[in-house]
Amino acid sequence: MSDLQSITLGGGCFWCTEAVFDRVRGVTDVQSGYANGDVAEPTYEQVCSGTTGHAEVVRVTFDPAQISVREILEIFFATHDPTTLNRQGNDVGTQYRSAIYFTDPAHQDVAEELLRQMGQDKLFGAPVVTEVAPLVNYWPAEDYHQDYYRNHPNQGYCAFIVGPKVEKFRKTFARHLKPGA
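Everything in this summary refers to the structure shown in the same document. Model, not experiment: these values are computed from the prediction. (Residues numbered from 1 in each chain as written. Predicted model: local features only at pLDDT ≥ 70, side-chain atom pairs only at ≥ 80, totals over all residues. Heavy atoms only, no water.)

### What about the pattern of salt bridges?
No. 1: Tallied over the entire structure, the rule returns six salt bridges.
No. 2: For R150, the salt bridge goes to D22, with nearest N and O atoms at 3.4 Å. With R150 in helix α5 (residues 148–151) and D22 in the loop between α1 (14–21) and β2 (27–35), this residue pair connects regions lying 128 residues apart in the sequence.
No. 3: By relative accessible area, D22 is classed as buried at 15%.
No. 4: Across the pair R116 and E113 runs a salt bridge, and its minimum N-O distance is 3.0 Å. Residue R116 and its partner E113 are both found in helix α4 (residues 105–121); the two are separated by three residues, about one turn of the helix.
No. 5: Overlapping salt bridges bring together D22, D147 and R150 as one network. (Salt bridge = Lys/Arg side-chain N within 4 Å of Asp/Glu carboxyl O. Helix = DSSP H or I, 4+ residues; strand = E, 2+ residues; numbered from the N terminus. Buried < 20%, exposed > 50% of the residue type's maximum accessible area, 1.4 Å probe, protein only.)

Set out below in structure tokens:
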């Protein structure tokens, strides 16, 4: 087994992003959290206020022998809207920004190259506004946010928002689906 790597992604509500990446073959761990804000150890309520500077994110730990960072980012871009500034659907605020936070400069290079290609190809029909920046800080979200979709699949938001994103991933990226996911 190769050395594990991680990248931190903000794709709107972390429940959605976590639910997708929990099902990706080669991903060994997904943790919901808050990143690149100004408050140490923020609470969900503080982050939701929009005053902390934090983004709702997931830290995706993966085995690069099974899945590349480029493939991780392709899944990321296909399962959220990277063209809406500080918004995903009805979730509005800077905490819902589209973001890629890296600790490995090679991940930055891959992200920026992918963004260039998507821009040239006009893949989304609108400019991509995804922030690409070094991971300055990261705080795990409260325990009740971890594995939220797995633990509450019939909760309203999960059933109507998270579920369809998971199904889109299953259909679009079947080759990356974990067995039994």
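After that view, the rundown keeps rolling.
### Looking at unusual backbone geometry
No. 1: With phi around 55 degrees, N36 is a residue other than glycine that occupies positive phi space.
No. 2: Checked against the element boundaries, N36 lands in the loop between β2 and α2 (44–48).
No. 3: Classification of N36 by relative accessible area gives buried; the value is 16%.
No. 4: Even without a glycine there, the phi angle at N86 is positive, about 55 degrees.

### Some thoughts on the packing of α1 against helix α6 (residues 156–172)
No. 1: Where α1 meets α6, the axes come as close as 9 Å, and the angle between the chain directions of the two elements is 35 degrees. With respect to the hand of their crossing, α1 and α6 are arranged in right-handed fashion. Between α1 and α6, the residues in contact are W15, C16, A19 and V20 and Y157, I161, V162, K165, V166 and F169, respectively.
No. 2: Of the residues belonging to the contact of α1 with α6, the class tally is nine nonpolar, no polar and one charged. (Axes fitted to C-alpha atoms, helices over the stretch in contact; angles between N-to-C directions. Left-handed = near helix turned anticlockwise from the far one by under 90°. Contact = heavy atoms within 4.5 Å. Nonpolar A, V, L, I, M, F, W, Y, C, P; charged D, E, K, R; others polar.)

### Details of the environment of F160
No. 1: In this structure, F160 sits in helix α6.
No. 2: Given a relative accessible area of 67%, F160 falls into the exposed group.
No. 3: When the C-alpha positions of F160 and Y148 are compared, they lie 14 Å apart, and in sequence the two are 12 residues distant.

### So, the packing of aromatic side chains
In this description, an aromatic ring pair is defined by two values, namely the gap between the centres and the angle between the planes.
No. 1: This model, assessed by the stated rule, comprises six aromatic pairs.
No. 2: With 3.7 Å between their ring centres and 5 degrees between their planes, W15 and Y148 make a pair best called stacked. Here Y148 lies in helix α5 and W15 lies in helix α1, a separation of 133 residues in the sequence. This pair shows no difference in class: W15 is buried, exactly as Y148 is.
No. 3: Centre to centre, the rings of F169 and F173 are 6.1 Å apart; their planes meet at 20 degrees, and the pair counts as stacked. (Phe/Tyr/Trp six-rings, centres within 6.5 Å; stacked < 30°, edge-to-face > 60°.)

### Looking at the pairing of strand β7 (residues 131–134)
Side-chain direction in a regular strand flips from residue to residue, so the side chains alternate between the two faces of the sheet.
No. 1: In this sheet, β7 lies alongside strand β6 (residues 98–102) in parallel orientation, the contact comprising four bridges. Its bridge partner lying in β7, F102 is registered against P134.
No. 2: Each parallel crossover has a hand, and the one from β6 via α4 to β7 is right-handed. (Pairing = 2+ DSSP bridges. Right-handed = clockwise from strand over helix to strand, strands pointing away.)

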